[in-house]
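Structural features, examined
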Amino acid sequence: GPPHPGILGSHHPLYQVNQSKHHPPASGFTLMEIVISLVVLAFALTTILLVLSHASKSSAESISKSQAIEILELTFADINAANLNRFPKSPQYLIDAPDGAAPEHRELLWFDGEGRRVEARQDAYFRCELTFRQDSRHAELLHLHGRVAWPARAAEGREGHQTELLTSLLLP
């Protein structure tokens, strides 16, 4: 390394300080560059958060729609099981089995957010309406219309979302 100033003295060229009036430009960012960078970063973060929020909402809606379709499929299968076995009520959801005596019959069921049947509307997330209509030309044919709407606490017809399925059953 360089010699100690005590040996060569403080007037040695290695130890002289540059006392020029002109300072070299500072390496670093100006305040304006930093502000512009922060504004760009803020816009980027805002955009990312909005995209994530939209994706999360879309995913939740897809899950609810899948649950609604599953509720309809399970209730249809349950009614069909009662119909085939000639039970007065369906085995799982205890829905009055269609007997063909009335030309039209309506059932209203409530399900929670997990798809389990509940008794009270205030405990429900899904409202399931089932309508049985006997075919006017074929007495042995019964049409079953199912509609699931959510959220269940909304006024009827004012739910934010709904899905519907239709099937037909042969009466025993």
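Residues numbered from 1 in each chain as written. Predicted model: local features only at pLDDT ≥ 70, side-chain atom pairs only at ≥ 80, totals over all residues. Heavy atoms only, no water.

1. Description of the overall build of the protein chain
Within the protein chain one finds two helices and five strands. For the protein chain, the sequential pattern of α-helices and β-strands runs α-α-β-β-β-β-β. Counting over 172 residues, the protein chain shows a buried share of 28%. Taking the intrachain contacts of the protein chain between residues at least 6 apart in sequence as the baseline, contacts between residues at least 24 apart amount to 47%. Split by element, the accessible area of the protein chain, about 12200 Å² in all, is 59% carbon and sulfur. (Helix = DSSP H or I, 4+ residues; strand = E, 2+ residues; numbered from the N terminus. Buried < 20%, exposed > 50% of the residue type's maximum accessible area, 1.4 Å probe, protein only. Contact = heavy atoms within 4.5 Å. Areas by Shrake-Rupley, 256 points an atom, 1.4 Å probe, with all protein chains shown as cover.)

2. Regarding the sheet that holds strand 2 (residues 117-118)
A sheet is described by the order of its strands in space; here five strands give the open sequence 2-1-3-4-5, paired in antiparallel fashion. Looking at which strands have only one partner, the edges of the open sheet turn out to be strand 2 and strand 5 (161-170). Note: strand 3 (residues 126-134) against strand 4 (residues 141-150), eight bridges, orientation antiparallel. Bridge pairing in strand 4 places Phe132 opposite Leu144. Lying on the sheet, helix 2 (residues 31-85) is in contact with strand 1 (104-111), strand 3, strand 4 and strand 5; it crosses strand 5 at an angle near 20°. (Pairing = 2+ DSSP bridges. Axes fitted to C-alpha atoms, helices over the stretch in contact; angles between N-to-C directions.)

3. Here's the deal with the pattern of salt bridges
According to the stated counting rule, one finds six salt bridges in the structure shown. Two residues, Lys89 and Asp96, come together in a salt bridge whose shortest N-O distance is 2.5 Å. Glu104 serves as the salt-bridge partner of Arg133, at 3.0 Å between the closest nitrogen and oxygen. Here Glu104 lies in strand 1 and Arg133 lies in strand 3, a separation of 29 residues in the sequence. (Salt bridge = Lys/Arg side-chain N within 4 Å of Asp/Glu carboxyl O.)

4. Side note on the side chain of Glu107
Along the polypeptide, Glu107 turns up in strand 1. Although buried, Glu107 forms no salt bridge, and the nearest oppositely charged side chain, Arg117, lies 5.7 Å from it. Here His105 takes part through its side chain, which lies 2.8 Å from a polar atom of the side chain of Glu107. (Lys, Arg positive; Asp, Glu negative; His and termini not counted. Polar contact = N/O pair within 3.5 Å; in protein donor to acceptor, adjacent residues only side chain to side chain.)

5. Quick look at unusual backbone geometry
With an omega of -5°, the peptide bond running from Trp150 to Pro151 counts as cis. Note on placement: Pro151 falls in the loop between strand 4 and strand 5. Of note, Arg86 is a non-glycine position whose phi angle comes to about 60°, a positive value. Mapped onto the elements, Arg86 comes out in the loop between helix 2 and strand 1. Overall, the relative accessible area of 62% leaves Arg86 in the exposed class. Within the chain, Leu94 stands out as a residue other than glycine whose phi angle is a positive 55°.

6. What about the nonpolar core?
In terms of nonpolar packing, the biggest core is built from 19 residues, with Cys128, Leu130 and Val148 touching the most fellow members. Put simply, the parts of the chain that give this core at least two residues each are helix 2, strand 1, strand 3 and strand 4. Counting residues per element, this core draws most heavily on helix 2, which supplies five residues. With near-sequence residues (within four places) excluded, Val148 lies in contact with Ala68, Ile71, Leu72, Phe126, Arg127, Cys128, His161, Gln162 and Thr163. (Core = buried A, V, L, I, M, F, W, Y, C linked by side-chain atoms within 4.5 Å.)

7. Examining the packing of aromatic side chains
Enumeration according to the criterion identifies three aromatic pairs in this entry. Consider the rings of Tyr125 and Phe126, whose centres lie 4.9 Å apart with planes at 85°: the pair is edge-to-face. Its relative accessible area of 31% is what places Tyr125 among the partly exposed residues. A relative accessible area of 0% means that Phe126 is categorised as buried. Here the aromatic rings of Phe126 and Trp150 are separated by 5.6 Å at their centres, their planes lie at 65°, and the arrangement is edge-to-face. (Phe/Tyr/Trp six-rings, centres within 6.5 Å; stacked < 30°, edge-to-face > 60°.)

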